[in-house]
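# Examining the three-dimensional arrangement
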Number of protein chains: 2
Amino acid sequence: MQVPYLEVLQVLEKIFQSKGFDPKRAALCAQLFTQASLDGVPSHGLDRVPVFLEMIRKKLVNPLSEAQRMESYGFFERWNGNLGAGPLNAHQSMERAILLAKEFGIGMVAIQNTNHWMRAGNYGWQAVAAGCIGICFTNTKPNMPPWGGKEPKLGNNPLVIAIPRSKGHVVLDMAMSQFSYGKLNTYLRAGKDMPFEAGFDQEGNLTKSPAEIIANELALPIGLWKGAGLSLVLDMLAAIISGGQATHQVGESGEEYGLSQIFLCLDPEKLGLEAWIDQKLDEIIQDFQRAETFNNQNVRYPGEYTLTIRDQNMREGVPVDEIVWSKIQSYIP
Amino acid sequence: MQVPYLEVLQVLEKIFQSKGFDPKRAALCAQLFTQASLDGVPSHGLDRVPVFLEMIRKKLVNPLSEAQRMESYGFFERWNGNLGAGPLNAHQSMERAILLAKEFGIGMVAIQNTNHWMRAGNYGWQAVAAGCIGICFTNTKPNMPPWGGKEPKLGNNPLVIAIPRSKGHVVLDMAMSQFSYGKLNTYLRAGKDMPFEAGFDQEGNLTKSPAEIIANELALPIGLWKGAGLSLVLDMLAAIISGGQATHQVGESGEEYGLSQIFLCLDPEKLGLEAWIDQKLDEIIQDFQRAETFNNQNVRYPGEYTLTIRDQNMREGVPVDEIVWSKIQSYIP
């Protein structure tokens, strides 16, 4: 079903206010969840609202907490998320990184003790909307094995790289696992194998069977040993720069909270890129789109179709699973 | 065969001096090529010396050129490599990024119009030796297809992330292709299939056959569409921040020269990380190494064995293929 954008916002605002968020923060939180579904990423949008409310009920996310700046080093600030709402903390961190970039050319915010930011791409779109190059990443609980390992030790640590462009921003939003557990579960329910190798079976062989992968939490790192290495160093950077928990510590509680995140912004204007940035990006994309393809597929750059989907859903309503929507509505006070 | 480290250096210095490098730059260039083989990466070390000399002969690499600073923005500098020797330009760029990081907390150098830096990891080891977190990447000629594409449009754009640690630095050095063309050729010569899917066949299906992949330059991006996206945005960042050529422009000449590279450094001391950086890294690595494995394999963090290999080769001699070594010696004036 598709629900008008404003109706979704109003419903979520009411619910979040009833959980203790003040009106302004409830509205922003509602917007961040709705944005994800609007942009075609329901798995990290409306589908997650019940999970988020459950985290609040368990007191793992505190609606009353606000992030606090701990230290300031000019272009760089370290913040404590105080276990507040992950999307609000992440949005505030990127906002600070943007402001610092506008002042210094580069801005970096590291936040410790925060929570799941839901859709990673939101913060990339936030940076490019402000005209900045934005890079951010988060650690997660352990959910992928090291190369050769038979138990999860690495997080899938989503990484966002967003580049502003007049004719359409470029926003890469990728986790370090080939497929999310959400996607694995979708194929499992449909009784299908994954379209590509997606993890390891009990003997350590690559497999497309979602059941085997889910049973052992052995999702495949992108590029096998390469993505495993990249995931490890992203976790290291997040933990040492924020001073917060690493993936192995996040995993100790059995719940996914108390994460570490990094937000980096560059202001093209301050770095003298204005003269050529749009032209160079257009030329790269034009060449890319001229690629000959198998079966006349279209090649797409990261973020290419998001605006089309967003516009369409803004007109036709935010897509939401009926069961999810009725569950969300049951939370209306 | 294994040749004493100092002997390799002396041979290369003589050759490079005969090509026009002044003694100091000839010595550094010799050291950078030798370092790669010493650390167990001959494919980007001594094996490449004849290729490098051929690039000089073709006047694509100019031994007399030095990089020039074009613009300076405090923590950020833009340089022109003037088509000089790639390893020297890259080393000088990382050296500048280190100095800027020691002054500002962060340092960034973008260089345009430079050449192949040979072993990417060298510049990561350079950063950590100076106590800095170092991140660098380069674009390349097109050598991988976009997702769905049947022709190369993306570079394999190596990325380095290096983190200093008292008990052993962490240095990730990875190209965006699952296997290098060097590795594909090694398996082709041995008449073997690759151990994992490594590219696309003529119908666009994944294949382990090196012959089919090489014939069409359809090497596999790590993580399929994900690595393809990451490669594209790294090329965009390299080109727009340096103001230099993007991968598609590098590809126009049929030769791989005139590249764009980014070097980013963070000084842990300036960012207040000294109190916990070593402890956090040790804890992450200890947990990682405790992973249960299939077949009692060891899990390794990126860079773990490099120092062991380096020490061993320093004692026993730099490993070099006999044919390569005799070819190199033929260049001694």
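Residue indices begin from 1 for each chain and proceed along its sequence in written order. Numbering of ligands from 1 and lettering of chains from A proceed in the order in which they are written. In keeping with the model being predicted, local features are shown solely for residues with a pLDDT of at least 70 and side-chain atom pairs are shown and tallied solely at 80 or more, while totals for entire chains, interfaces and linings include all residues.

Counting from the N terminus, the helices are the DSSP runs of H or I reaching at least four residues and the strands are the DSSP runs of E reaching at least two. On a plain count of helices and strands, chain A comes out with 12 helices and 11 strands. What the globule rule says is 2.2 Å times the number of residues to the power 0.38, and the radius of gyration is computed from C-alpha atoms. In terms of overall dimensions, chain A is globule-like: its C-alpha atoms have a radius of gyration of 20 Å, near the 20 Å expected for 333 residues. Once the C-alpha set of chain A is aligned to its principal axes, its extents read approximately 55 × 55 × 45 Å. Across the 333 residues in chain A, those meeting the buried criterion constitute 57%. Long-range contacts, defined as pairs at least 24 residues apart, comprise 62% of the intrachain contacts of chain A with a sequence gap of at least 6. Backbone-placed C-beta atoms define the burial measure: a residue is buried with 20 or more other C-beta atoms within 10 Å of its own, exposed with 12 or fewer, and partly exposed in between. Contact criterion: two residues are in contact if their C-beta atoms, reconstructed from the backbone, are within 7 Å.

Okay, helix 1 (residues 5-18) of chain A next. Residues and elements named next belong to chain A. Between the first and last residue of a helix there are one fewer steps than residues, each counted as 1.5 Å, and that sum is the expected span. Taking 1.5 Å per residue as the helical rise, helix 1 with its 14 residues ought to reach 20 Å, and the 20 Å between its terminal C-alpha atoms agrees with that figure. Among all positions in helix 1, only Tyr5, Val8, Val11, Leu12, Glu13, Ile15 and Phe16 are buried. Looking at the buried side of helix 1, the elements it contacts are strand 1 (2-3), helix 2 (23-38), helix 3 (49-57), helix 11 (306-316), strand 11 (318-319) and helix 12 (322-329). Just downstream of helix 1 lies Gly20, where phi reads positive at about 115°.

Attention now goes to the sheet that holds strand 5 (residues 133-138) of chain B. Read across the sheet, 7 strands follow the order 2-3-4-10-5-6-7 (chain B) without closing on themselves; strand pairing throughout is mixed. Looking at which strands have only one partner, the edges of the open sheet turn out to be strand 2 (68-73) and strand 7 (170-174) of chain B. Neighbour-to-neighbour, the strand axes of this sheet turn through a mean angle of 10°, independent of strand direction. For two strands to count as paired, DSSP must find a minimum of two bridges between them. Both strand 4 (residues 106-114) of chain B and strand 10 (residues 259-266) of chain B contribute to a ladder of 7 bridges, which runs antiparallel. What sits directly across from Gly107 of chain B, in strand 10 of chain B, is Cys265 of chain B. Between the N-to-C directions of two axes lies an angle of 0 to 180 degrees, each axis being a line fitted to C-alpha atoms and, for a helix, fitted only over the stretch in contact. With respect to the sheet, helix 8 (residues 225-242) of chain A is in contact with strand 6 (159-163) and strand 7 of chain B, its orientation differing from that of strand 7 of chain B by roughly 140°. Packing of helix 5 (residues 121-129) of chain B onto the sheet brings it into contact with strand 5, strand 6, strand 7 and strand 10 of chain B, and relative to strand 6 of chain B it is tilted by some 20°.

Another aspect to go through is the environment of Glu252 of chain B. All names here are of chain B. Along the chain, the position of Glu252 falls in the loop between helix 9 (247-250) and strand 10. Glu252 sits in the exposed class, given 12 other C-beta atoms within 10 Å. For the pair Glu252 and Lys141, spaced 111 residues apart in sequence, the C-alpha separation works out to 8.7 Å.

Moving on to the pairing of strand 5 (residues 133-138) of chain A. Residue and element names in this part refer to chain A. Burial within strand 5 is extensive, with 6 of its 6 residues counted as buried. Burial along strand 5 is two-sided: the face carrying Ile133, Ile135 and Phe137 and the face carrying Gly134, Cys136 and Thr138 are both buried. Relative to strand 10 (residues 259-266), strand 5 runs antiparallel, the two sharing 6 bridges. Note that in strand 10 the partner of Thr138 across the bridge is Gln261. Here 4 bridges tie strand 5 to strand 6 (residues 159-163), and the two strands are oriented antiparallel to one another. From the neighbouring strand, Cys136 faces strand 6, where its bridge partner is Val160.

A few words on the packing of helix 10 (residues 277-289) of chain A against helix 8 (residues 225-242) of chain B. At a closest axis distance of 10 Å, the pairing of helix 10 of chain A and helix 8 of chain B adopts a crossing angle of 145°. For the pair helix 10 of chain A and helix 8 of chain B, the sense of crossing is right-handed. Taking contact as the criterion, the partners of Ile277, Lys280, Leu281, Ile284 and Phe288 of chain A in helix 10 of chain A are, on helix 8 of chain B, Leu232, Asp235, Met236, Ala239 and Ile240 of chain B. Think of it as three bins: nonpolar holds Ala, Val, Leu, Ile, Met, Phe, Trp, Tyr, Cys and Pro, charged holds Asp, Glu, Lys and Arg, and polar takes everything else, Gly as well. Within the contact of helix 10 of chain A with helix 8 of chain B, the residues separate by chemical class into 8 nonpolar, no polar and 2 charged. Crossing handedness is read from the near helix: turned anticlockwise from the far helix by less than a right angle, it gives a left-handed crossing, and turned clockwise, a right-handed one.

Note on definitions: a nonpolar core is a set of buried residues drawn from Ala, Val, Leu, Ile, Met, Phe, Trp, Tyr and Cys, linked by C-beta atoms within 7 Å. One finds Cys265 of chain A together with Cys265 of chain B to be the most contacted residues of the largest nonpolar core, which totals 211 residues. These domain limits were set by an automatic method or by a database of domain assignments. Three or more residues apiece are contributed to this core by two domains, here domain 1 (65-176 + 223-315) and domain 2 (178-220) of chain B. In this view, Cys265 of chain B contacts Ala97, Ile98, Leu100, Ala101, Ile106, Gly107, Ala127, Cys132, Ile133 and Gly134 of chain B; residues no more than four positions away in its chain are not counted.

Mapping chain A onto chain B is achieved by rotating through 180° and translating by 0.0 Å along the same axis, at an RMSD of 0.0 Å. What the superposition gives is, in effect, a two-fold axis relating one chain to the other. The position closest to the rotation axis in chain A is occupied by the C-alpha of Gly223 of chain A, lying 2.4 Å away. Of all interface residues in chain A, 100% are interface residues in chain B too; the two copies therefore contact each other through one and the same surface. The fit set for superposing copies consists of C-alpha atoms from residues with pLDDT of at least 70 in both; the fit itself is least squares.

Glancing now at the interface of chain A and chain B. Listed per partner, the contact involves 60 residues of chain A and 60 residues of chain B. Counting only elements with at least two residues in the side of chain A that touches chain B, the list comes to strand 2 (68-73), strand 6, strand 7 (170-174), helix 8 and helix 10 of chain A. The greatest single-element share of the side of chain A that touches chain B, amounting to 11 residues, is contributed by helix 8 of chain A. The residue makeup of the side of chain A that touches chain B, split by class, is 35 nonpolar, 14 polar and 11 charged.

A few words now on the environment of Ala129 of chain A. For Ala129 of chain A, the position within the fold is in helix 5 (residues 121-129). Here the alpha-carbon distance between Ala129 of chain A and Gly191 of chain A, two residues 62 residues apart in the chain, equals 41 Å.

Our next topic: the confidence of the model for chain A. Within a predicted model, pLDDT stands for the predictor's per-residue confidence, ranging from 0 to 100. Overall, the prediction assigns chain A a mean pLDDT of 97, with 100% of residues at 70 or greater. Predicted complex metrics record ipTM = 0.98 and pTM = 0.98.

It is worth spelling out the sheet that holds strand 4 (residues 106-114) of chain A at this point. Residues and elements named next belong to chain A. Taken together, the 7 strands give an open sheet; going across it, the order is 2-3-4-10-5-6-7, and neighbouring strands pair in mixed fashion. Edge positions in the open sheet fall to strand 2 and strand 7, since each of these has one partner strand only. Each strand axis lies, on average, 10° off the axis of its neighbour in the sheet, ignoring direction. In this structure, strand 2 lies alongside strand 3 (residues 76-80), joined through 5 bridges in antiparallel fashion.

Residue and element names in this part refer to chain B. Secondary-structure assignment places Pro268 in the loop between strand 10 and helix 10 (277-289). Considered as a pair, Pro268 and Lys102 are 166 residues apart in the sequence and their alpha carbons are 9.1 Å apart. Contact partners of Pro268, with chain neighbours within four places excluded, come to Gly131, Ile133, Pro164, Leu273, Glu274 and Ile277.

A few words now on the packing of helix 1 of chain A against helix 2 of chain A. All names here are of chain A. Contact geometry for helix 1 and helix 2: axes closest at 8 Å, N-to-C directions at 135°. It follows that helix 1 is oblique to helix 2 by the angle criterion. Crossing handedness for the pair helix 1 and helix 2: right-handed. Contacts between helix 1 and helix 2 involve Tyr5, Val8, Leu9, Leu12, Glu13, Phe16 and Gln17 from the first element and Pro23, Ala26, Ala27, Cys29, Ala30, Gln31, Phe33, Thr34 and Leu38 from the second. Taken together, the residues of the contact of helix 1 with helix 2 sort by class into 12 nonpolar, 3 polar and 1 charged. An angle below 35 degrees is read as roughly parallel, one above 145 as roughly antiparallel, one from 65 to 115 as roughly perpendicular, and any other as oblique.

Once that is clear, we can look at unusual backbone geometry. Of note, the phi angle at Met118 of chain A is positive, near 65°, even though the residue is not glycine. C-beta crowding within 10 Å serves as the criterion here: with 25 such atoms nearby, Met118 of chain A is assigned to the buried category. The phi angle at Leu83 of chain B is positive, at roughly 55°, despite the residue not being glycine. Relative to the helices and strands, Leu83 of chain B resides in the loop between strand 3 (76-80) and helix 4 (86-104).

Right, let's talk about the pairing of strand 6 of chain A for a bit. Residues and elements named next belong to chain A. With 5 of 5 residues buried, strand 6 is to be regarded as a mostly interior element. A two-sided burial pattern is seen for strand 6, the buried positions comprising Leu159, Ile161 and Ile163 on one face and Val160 and Ala162 on the other. The loop that links strand 6 with its antiparallel partner strand 7 comprises 6 residues; one of these, Gly168, has a positive phi angle of about 135°.

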